[in-house]
Amino acid sequence: MTTKHLSEEELQQYSIDKSSCDIEASSHIQSCASCKANVEAYRQLFTVIHDQPKQVFGFDLSNLVLKQLPESKSKFSVNSVFVFLTVLAAAFSISIPVYLFRKYLSALFEGALSMTIYLIVITAIVILVFQSMEMYRKYQKQMSILN
Amino acid sequence: MVEKVLRGDTNAFSAIIKATEGLVAQIVFRMIANEEERKDIAQDVYMKAFNKLGGFKFQSKLSTWIGQIAYNACLSYLEKKRLVLPGNSHREDDTMEEGLEALSSKTDYALNSEPEKLISQKELSAIMQSAIEKLSPVYKTMITLYHHEDLSYEEISQITQLPAGTVKSYLFRARKSLKESILAKYKKDEL
């Protein structure tokens with residue numbers, strides 16, 4: 001057993017979490033009145049702070065803040081309209097060339113082996129499944145952080 | 001809840017306020033002495049949180065993120081008032097030694113001495129409250145967040161945006177200073 005007094009840091013550590021200190025330090029505290037008194041002072045301190053009544057605002061904060069917030073936006077905000085128009089434009093820009101060159105496209109697929117088409121479809125499905133799983137995992141992670 | 005607010009449901013923000021105002025109150029009460037200022041700062045914290053909610057990256061708890069806004073708002077206020085520097089009240093070493101002796105004799109302790117001679121919990125609580133009030137706002141906040149709100153060093157580090165090592169160091173100094181207050185009281189009682 002060491003006869004050297006524990007440092008202030010060790011005393012604090014022992015008072016917070018006894019199990020994180022080594023056996024030598026623990027046995028010293030058991031036999032040293034000065035270190036024991038220090039630990040006791042720290043423990044009293046932590047207990048008193050922990051048991052102090054919680055501070056609360058003496059006013060309805062939620063009500064005060066809500067009064068200052070802007071009115072709820074309508075469901076179709078400018079952002080939603082913009083997203084809708086972008087998707088519509090993208091759909092048109094894909095479907096128009098497909099419609100115009102449909103003869104060539106059908107000839108292209110007729111020429112391709114059916115095995116290749118299956119391979120492309122399966123690959124696309126696998127990618128979609130993995131992406132969906134990733135999105136779900138990310139969502140769950142965010143929710144667990146919030147909780 | 002965050003998504004609801006972002007979609008424009010301001011009422012969902014009320015639930016966020018109710019869930020986090022406890023932590024905000026601990027920070028604001030510890031850092032700001034004036035009651036009227038507390039009211040203004042608390043509202044300001046949530047207005048900022050509402051406006052910045054779109055930038056919340058889900059990398060920490062929402063309460064920690066709002067706590068960070070509260071801490072920064074209080075710090076800005078204190079900086080304006082030039083009140084932020086820590087008032088590190090280290091006492092003389094001899095007071096420490098005598099206090100330790102007094103506590104040591106009592107620590108050997110409740111087993112031998114009469115209970116009424118020991119400082120009552122109520123009295124100790126009052127001493128501590130006054131000692132905590134003497135600490136700098138930053139120390140006060142850290143002590144409260146760690147020992148009252150049971151936040152980890154990492155969470156306090158996120159709120160204060162200080163490295164975890166600095167948080168540990170500040171807490172170490174604050175605890176030491178508070179312990180000295182207890183020992184000084186024991187010494188005083190012994191005399």
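These lines cover the structure that appears in this document, whether it is placed above or below. (Residues numbered from 1 in each chain as written. Chains lettered and ligands numbered in written order. Predicted model: local features only at pLDDT ≥ 70, side-chain atom pairs only at ≥ 80, totals over all residues. Heavy atoms only, no water.)

Examining the overall build of chain A
Alright, step 1. Check the secondary structure of chain A and you find 7 helices and 0 strands.
Alright, step 2. In sequence order, the secondary structure elements of chain A are arranged as α-α-α-α-α-α-α.
Alright, step 3. The buried share of chain A, reckoned over its 147 residues, is 21%.
Alright, step 4. With the model as given, the accessible surface of chain A reaches about 11100 Å², and the carbon-plus-sulfur share is 66%. (Helix = DSSP H or I, 4+ residues; strand = E, 2+ residues; numbered from the N terminus. Buried < 20%, exposed > 50% of the residue type's maximum accessible area, 1.4 Å probe, protein only. Areas by Shrake-Rupley, 256 points an atom, 1.4 Å probe, with all protein chains shown as cover.)

Digging into helix α2 (residues 23-31) of chain A
Turn by turn, an α-helix covers 3.6 residues, leaving residues three or four places apart pointing in a common direction.
All names here are of chain A.
Alright, step 1. Among the residues of α2, those classed as buried are A25, S26, H28 and I29. The arc enclosing the buried residues of α2, seen along the axis, measures out at 160°, which places them on a common side.
Alright, step 2. If you follow the buried residues of α2, they end up packed against α1 (8-16) and α3 (33-51). (Arc of directions from axis to C-beta. Contact = heavy atoms within 4.5 Å.)

Some words on a negative patch on the surface
All names here are of chain A.
Alright, step 1. A cluster of acidic side chains, namely E9, E10, D22 and E24, defines a negative patch on the protein surface.
Alright, step 2. The topology assignment puts E10 in helix α1.
Alright, step 3. According to the relative accessible area criterion, E10 is partly exposed, its value standing at 37%. (Patch = residues over 30% accessible without salt bridge, like charges linked within 9 Å, V, L, I, M, F, W, Y side chains within 5 Å. Salt bridge = Lys/Arg side-chain N within 4 Å of Asp/Glu carboxyl O. Lys, Arg positive; Asp, Glu negative; His and termini not counted. Charge placed at Lys NZ, Arg CZ, Asp CG, Glu CD.)

Some words on unusual backbone geometry
With glycine set apart, most residues show a phi of negative sign, and most peptide bonds adopt trans.
Residue and element names in this part refer to chain B.
Alright, step 1. Of note, D150 is a non-glycine position whose phi angle comes to about 55°, a positive value.
Alright, step 2. With respect to the element layout, D150 can be found in the loop between α7 (137-148) and α8 (153-160).
Alright, step 3. Residue D150 is classed as exposed on the basis of its relative accessible area, which comes to 51%.

Quick word on the packing of helix α3 (residues 35-52) of chain B against helix α4 (residues 62-81) of chain B
All names here are of chain B.
Alright, step 1. The geometry of α3 relative to α4 is characterised by a closest axis approach of 9 Å and an angle of 130° between their N-to-C directions. For the element pair α3 / α4, the angle class is oblique. Along this stretch, α3 crosses α4, giving a crossing that reads as right-handed. Residues E37, I41, V45, Y46, K48, A49 and K52 of α3 touch α4, and the partners they reach there are W65, I66, I69, A70, A73, C74, Y77 and K81. (Axes fitted to C-alpha atoms, helices over the stretch in contact; angles between N-to-C directions. Parallel < 35°, antiparallel > 145°, perpendicular 65-115°, else oblique. Left-handed = near helix turned anticlockwise from the far one by under 90°.)

Things to note about the nonpolar core
Alright, step 1. With 76 residues, the main nonpolar core has F13, I27, V45, Y46, I66 and L178 of chain B as its most contacted residues.
Alright, step 2. Among residues more than four places away in sequence, those in contact with I66 of chain B are I16, T20, V24, V45, Y46 and A49 of chain B. (Core = buried A, V, L, I, M, F, W, Y, C linked by side-chain atoms within 4.5 Å.)

Points about the packing of helix α2 (residues 10-31) of chain B against α3 of chain B
Residue and element names in this part refer to chain B.
Alright, step 1. At a minimum axis separation of 10 Å, α2 and α3 run at an interaxial angle of 135°. Relative to α3, α2 is oriented oblique. Considering how the two elements wind past one another, α2 and α3 form a crossing that is right-handed. Between α2 and α3, the residues in contact are T10, F13, I17, T20, E21, V24, V28 and F29 and R38, I41, V45, Y46, A49 and F50, respectively.
Alright, step 2. Tallied by class, residues from the contact of α2 with α3 come to 10 nonpolar, 2 polar and 2 charged. (Nonpolar A, V, L, I, M, F, W, Y, C, P; charged D, E, K, R; others polar.)

Section: α3 of chain B
Alright, step 1. An ideal rise of 1.5 Å per residue puts 26 Å on 18 residues; α3 of chain B measures up with 26 Å between its terminal C-alpha atoms.
Alright, step 2. Within the sequence span of α3 of chain B, burial applies to R38, I41, A42, Q43, V45, Y46, M47, A49 and F50 of chain B.
Alright, step 3. Looking at the buried residues of α3 of chain B, the elements they touch are α4 (61-68) of chain A together with α1 (2-6), α2 and α4 of chain B.
Alright, step 4. Capping the start of α3 of chain B is the job of one residue whose side-chain oxygen sits 2.8 Å from the backbone nitrogen of E36 of chain B: N34 of chain B. (Expected span 1.5 Å × (residues − 1). Polar contact = N/O pair within 3.5 Å; in protein donor to acceptor, adjacent residues only side chain to side chain.)

Overview of the pattern of salt bridges
Alright, step 1. With the rule as written, the count across this model stands at 8 salt bridges over all chains.
Alright, step 2. The shortest N-O distance in the salt bridge between E134 of chain A and R137 of chain A comes to 3.0 Å. In this pair, E134 of chain A and R137 of chain A are both assigned in helix α7 (residues 114-146), 3 residues apart and thus about one turn of the helix distant.
Alright, step 3. What makes E134 of chain A partly exposed here is its relative accessible area of 42%.
Alright, step 4. Residue K176 of chain B pairs with E180 of chain B through a salt bridge whose shortest N-O separation is 3.7 Å. Separated by 4 residues within a single helix, K176 of chain B and E180 of chain B lie in helix α9 (residues 164-190), roughly one turn from each other.
Alright, step 5. Of the residues examined, E180 of chain B reaches a relative accessible area of 4% and is grouped as buried.

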